[in-house]
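# Observations on chain architecture
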Amino acid sequence: MNDLALIGPILAAMFAAATPLLFAALGELVVEKSGVLNLGVEGMMLVGAVCGFAVTVQTGSAVTGFLVAAFAGAATASLFAVLTLFLLANQVATGLALTLFGVGLSALIGQGFVGIPLEGLPKLFIPGLTDMPVVGQALFGQDIMVYLAVAAVPLVHLFLYRTRAGLVLRAVGENHTAAHALGYKVLRIRFFAVLFGGAMAGLGGAFLSMDYTPMWAENMTSGRGWIALALVVFATWKPVRAMLGAWLFGGVTILQLHVQGLGIDVPSQLLSMLPYLATVLVLVLISRDVARIRLNAPACLGKLFHPDA
Amino acid sequence: MSFIRLEPRGQASKTMVYVTPLLAVALTLLSGFILFLAMGFDPLKALYSFFVAPVTSVRGVGELVVKATPLVLCAVGLAIGFRANVWNIGAEGQLTLGAITGGGLALAFYGEGGWWLLPMMVIGGAIGGAVWAAVPAFLRLRFNASEILTSLMLNYVALLLLNYLVHGPFRDPDGFAFPESRLFEADATLPILWAGTRVHLGALVALLAVAGGWLLIARTFIGFQIKVIGLTPAAAGYAGFDQKRIVWLTLLLSGALAGIAGMGEVAGPIGQITASISPGYGYTAIIVAFLGRLHPVGILLAALLMALSFIGGEAAQIAMGLPKAITGVFQGMLLFFLLASDVLIRYRVRFGARRAAA
């Protein structure tokens, strides 16, 4: 009976913890589908987190905050796009640079905002549904961003697999030379994909700072951007599987908090390792199947393209 | 087509290899000028207190060397891996592990040390770092898992492990529950090389690593294999080079060097094990490796510059109340500008409409 009462809040917390990962992973998934590997997710999330937070504190409007966060994420991503697409810089190195830069920039912007509390977003309440036992709160008592993240999953799927633009984007990711020969603007398509990835990472970061925590602290994403990158591999580049993966990691994050609540005597630092160790484990399990990765990974992932060459 | 376009050079420009790092530094300074101006500081004064004032004293120059030491050690190892397309970005974790294992030996033999303790700590630190780097190597070769993500995840694990240890087993029994170990004894502390500064024996070790790294890359068959694998993996395959061995070698080597760097921090300037032993040396070392053109000598110069950004950040914080986070912004910007200007090595910038092909 007591255990059952716990399941509801745990599930609810799991969906909330999964949301920033889901935003970031869906964005990166589209980026990678277009053939670009942007390792700067962590940096874009941090910039989105701090910009969204700062704007919300100053304007009092969470909507403005999230819009600015998405814009800031995209703006940060545009640096990466210009460097890798037009100046042909190495994508791995540039992605790392983007993360290092984002960590520094967000700390700089956020220095005046440390320790300021925010209220977070209002939670949904539907009489009869939200107060349903066990799953009521988890399914019908979240805030709007949690639902938006989930809604983005079918949208991204439909875009990629049911629209012409999605088909072109995938073609560019699979074989940029052929797509170019057919007259598609490879660089322009990739540019917008990277911007989308940045905006989604920005939203994910802003969800953390404006809603989940809700406060700003330096480096507050603590590796979630990297976990999102791992999730894309785990999902074998499929949106629905990315959602399942995000829930799994949300679960691991919450588990770590609840194990202590259950009175199991494990040092908190060792429990905090769980999400990172789980990421490694999941990567190993999925990457082991080389054929499957090769079949699903965009063939031009991480390769540079110069239209004149 | 477009007004500005890139035209491939027939051959990579040797000049540009040396010019672009300087161009990147210049562009970073220019951006710093604009940034300080936008933040309402006197930009010239700020740049002076950031990049010049810290090194106007003997002590300041010493600090530069102290901060450059771990950067060189980490970056030399990373660069060798990067050349072979082995993306170890876990130097921060490997450094932390080296501090744990190397420093742990100092605690284990507390009160019963001797001349042998320091060499043992160096070896212990190297092994700790190498073991931490062996995990991504094994996972990549056995399970095809990206070493980028696994080595990075292990950074967080290592930091949490350190945090656990200083709150538990490593905590100073007489330390009033502060999360710090005992202060290391003289037997377990690296000797100071330059009186009046904190420059320690690790600086010499770093120079040795530069020389060794250069020898390995430029003068050995393994170095040749590393370069071939990095430039054209297919050719390396046809030549029958054992790529697995190179992955092991580069990861273990960079892990060991980072481990030594971590051991050098706790046995050098810090003198004990604390919860924060590195302001991100392992990450900055990535920038150092690229800025130094993946060449050991270049890395030495780049490490000094990055060390300056660390002490400059601290100095500017004290002198002008500038936020310390500026250091990270400068470091990131520098790498951006470098990567951007690197396009000049392989391409010419042409203005005007394309002429008809001859």
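Since the structure is predicted, the reported quantities are computational estimates derived from the model, not experimental observations. (Residues numbered from 1 in each chain as written. Chains lettered and ligands numbered in written order. Predicted model: local features only at pLDDT ≥ 70, side-chain atom pairs only at ≥ 80, totals over all residues.)

### Considering the overall build of chain A
Along its length, chain A carries 14 helices and zero strands. In chain A, the succession of α and β elements from N to C terminus is α-α-α-α-α-α-α-α-α-α-α-α-α-α. Sequence separation of 24 or more characterises 78% of the internal contacts of chain A that already satisfy a separation of 6 or more. (Helix = DSSP H or I, 4+ residues; strand = E, 2+ residues; numbered from the N terminus. Contact = placed C-beta atoms within 7 Å.)

### Some words on the overall build of chain B
Within chain B, the regular secondary structure consists of 14 helices and two strands. Since a compact globule built from 358 residues should have a radius of gyration of about 21 Å, the 22 Å found for chain B is in line with a globular shape. Dimensions of chain B along its principal axes, counting C-alpha atoms only, are 80 × 60 × 30 Å. Here chain B holds 358 residues, and 54% of them are scored as buried. Nonlocal contacts in chain B, meaning residues at least 24 apart in sequence, comprise 78% of its contacts between residues at least 6 apart. (Rg over C-alpha atoms; globule rule 2.2 N^0.38 Å. Buried ≥ 20, exposed ≤ 12 C-beta atoms within 10 Å, placed from the backbone.)

### Some remarks on the environment of Ile 318 of chain B
Inspection of the secondary structure assignment puts Ile 318 of chain B in helix H12 (residues 296-320). Here the alpha-carbon distance between Ile 318 of chain B and Gly 81 of chain B, two residues 237 residues apart in the chain, equals 38 Å.

### Description of the interface of chain B and chain A
On the side of chain A, 40 residues touch chain B, which itself brings 38 residues to the contact. At the level of elements, helix H5 (117-143), helix H6 (147-167), helix H11 (281-291) and helix H13 (326-341) of chain B are the ones that each hand at least two residues to the side of chain B that touches chain A. Residue contributions to the side of chain B that touches chain A peak at eleven residues, all from H13 of chain B. Partitioning the side of chain B that touches chain A into residue classes produces 28 nonpolar, nine polar and one charged. (Nonpolar A, V, L, I, M, F, W, Y, C, P; charged D, E, K, R; others polar.)

### What to know about the packing of H5 of chain B against helix H10 (residues 243-267) of chain B
All names here are of chain B. For the pair H5 and H10, the least separation of the axes is 6 Å and the interaxial angle reads 145°. Judged by the sense of rotation from one axis to the other, the crossing of H5 with H10 is right-handed. Here the contact of H5 with H10 is composed, by residue class, of 19 nonpolar, seven polar and two charged. (Axes fitted to C-alpha atoms, helices over the stretch in contact; angles between N-to-C directions. Left-handed = near helix turned anticlockwise from the far one by under 90°.)

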